[in-house]
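Observations on the three-dimensional arrangement
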Amino acid sequence: MNVEGSHRFAAAPPAVWALLMDPAVLAKAMPGTRRLERVAPERYEGVMAVGIGPITAAEFDLVITLSELVPPRSYTMQIDGKGSFGFTRGTAQVELAAEGDVTVMRYQAELQVGGKIAALGQRLLDSVSKLLIRQGLEALSRELERKLAEGERPA
Amino acid sequence: VKPPRFEYLRPETLGEAVSLLAARPDAKPLAGGQSLIPAMNFRLAAPAALVDLARLEELRGVRAQGDGLRIGALTTHRELEHNPLIAGHAPLLAQAVPHIAHPQIRSRGTLGGSLAHADPAAELPAVMLALGALLELTGPSGTRQVAADDFFLGLFLTALAPGELITAVTLPGRPPRSGDGFQEFARRHGDYALAGVTLRLALDGAGAVHTVRIALFGVGDGPVRAGQAEQALRGRAPDPAARAEAAAIAAEADCDPPSDIHASAAYRRQLVRVLTRRALEAALTRAESSGG
């Protein structure tokens, strides 16, 4: 499955980069994250639970490895998720580019989904992944706005 | 393939059902069970309790209301298909139903269940948009009416608040000189459609399009109103050029279809274009022969 798209953040690339590298922020933004920790400089481990509509949220273990880091411009994510409903594996390329006052993020992911969820929910995978990515990016944007607003306050 | 353990509750009245659901956020209402039970059997869904709505007489029956119809939420697909009132007032519903799954499923599946489930490829949510239906929702804080346009919010996501049930659907009367169209394409009959189109069109005295509501399904997170295609038709004579133009707009501008192993997004767009053209043609023929 290929997932690609773009998102605009109302800040310069370095601020967006800092946000994307902060596990505490990611844990808040990614839908259904129960736990997310940085276990090594470029490795995150966590537990997520995502339920859509009639599907009860089931927990799965998630490992994200970052590579080819070019701050604040681009990086590659290796995604590995495993749970009772199936697994997902793949890579995502993320690029940040300044456009005036905003940062445009472009992402492209190649994901493999297998197991029960793929066998039964195949026709919904594309819509579900688009939905989760949109929710995550919108939450990141809100988090960014909150941080910027805090930063502007006099210390 | 058996469900995990759950508690089974069978209220006798709507009031009782609503208070049970309010008291038990881990419970799910059970109507025809044609989507929920398979999900439980595959252990994708695991509600702690089911509140069976089967005994709620308040949710049954089809009756004329004003110049339109009031259809109880527990009305089965099979009843929608064969009810003479529906055939007269909302033939689009009867026309759509044979495309839903298989006869065994249609004998148990219900209108309210399909709408509450809100599968993006389901026929009935789109039909509700095309007909301009109002949904009656009852919950702990009373009863409210929500337009179908405001009810479907996203992937399996509706305006139903926790503890709220769909109790009925009201359909407006059929406008004079109007006709309906329904087209879908599935690889095998009974499968979820790769794409589908449903619409209602009414003509004015001069034969131009007076009102039109077009809804697409299988091509988004839920049923999709083809608002730009409607705009292109309104006030215009629905000649072949206008119909082809509207169909192209519906396919290119009004939807963002998913790609999966069954069909690519581009293939689904092409389906929307062809099916919209066919549905418009059928609706026009019916409108021209309906008099009024």
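Presented here is an overview of the structure given in this document. (Residues numbered from 1 in each chain as written. Chains lettered and ligands numbered in written order. Predicted model: local features only at pLDDT ≥ 70, side-chain atom pairs only at ≥ 80, totals over all residues. Heavy atoms only, no water.)

1. Examining the pattern of salt bridges
- Applying the stated criterion across every chain, the model contains 28 salt bridges over all chains.
- With a closest N to O distance of 3.1 Å, R43(A) and E45(A) form a salt bridge.
- Residue E45(A) is classed as partly exposed on the basis of its relative accessible area of 28%.
- Residue R234(B) is joined to E230(B) by a salt bridge in which the shortest nitrogen-to-oxygen separation is 3.1 Å. (Salt bridge = Lys/Arg side-chain N within 4 Å of Asp/Glu carboxyl O. Buried < 20%, exposed > 50% of the residue type's maximum accessible area, 1.4 Å probe, protein only.)

2. Let's talk about the interface of chain B and chain A
- Chain B puts 22 residues into the contact, and the matching count from chain A is 18 residues.
- Contact between chain B and chain A buries roughly 1700 Å² in total, counting both sides, with carbon and sulfur atoms accounting for 63%.
- Three residues, L44(B), L155(B) and F156(B), lead the burial of chain B against chain A; their summed loss comes to 35% of the area buried on that side.
- The tally of links from chain B across to chain A stands at two salt bridges.
- Salt-bridge contacts for R123(A) lead to D119(B); the nearest nitrogen and oxygen are separated by 2.5 Å.
- At the boundary of chain B with chain A, the tally comes to four residue pairs in polar contact (both at pLDDT 80 or more).
- Tallied by class, the residues present in the side of chain B that touches chain A amount to twelve nonpolar, four polar and six charged. (Contact = heavy atoms within 4.5 Å. Buried area = accessible area lost by both parts, 1.4 Å probe. Polar contact = N/O pair within 3.5 Å; in protein donor to acceptor, adjacent residues only side chain to side chain. Nonpolar A, V, L, I, M, F, W, Y, C, P; charged D, E, K, R; others polar.)

3. Some details on the packing of aromatic side chains
Residue and element names in this part refer to chain A.
- Within this structure, the stated rule accounts for three aromatic pairs over all chains.
- The interplanar angle of 90 degrees and the centroid separation of 5.5 Å between the aromatic rings of W17 and Y75 together place this pair among those described as edge-to-face. Here W17 is found in helix α1 (residues 13–20), whereas its partner Y75 is found in strand β5 (residues 74–83), with 58 residues between them in sequence. Each of the two residues, W17 as well as Y75, counts as buried. (Phe/Tyr/Trp six-rings, centres within 6.5 Å; stacked < 30°, edge-to-face > 60°. Helix = DSSP H or I, 4+ residues; strand = E, 2+ residues; numbered from the N terminus.)

4. Here's the deal with helix α1 (residues 14–23) of chain B
All names here are of chain B.
- Where α1 is concerned, the buried positions are L14, A17, V18 and L21. Projected down its long axis, α1 carries its buried residues within an arc of 95 degrees, all on one side.
- Tucked into the core, α1 has its buried residues touching β2 (27–30), β3 (49–52), β6 (134–139) and β10 (165–171). (Arc of directions from axis to C-beta.)

5. Remarks on the side chain of D52(B)
Residue and element names in this part refer to chain B.
- Here D52 lies in strand β3.
- Buried charge D52 goes without a salt bridge, the closest partner of opposite sign being R10 at 5.7 Å.
- Side-chain polar atoms of D52 contact the side chain of Y8, separated by 2.5 Å.
- Among all residues touching D52, those that are not within four sequence positions of it are Y8, L9, R10, P11 and L30. (Lys, Arg positive; Asp, Glu negative; His and termini not counted.)

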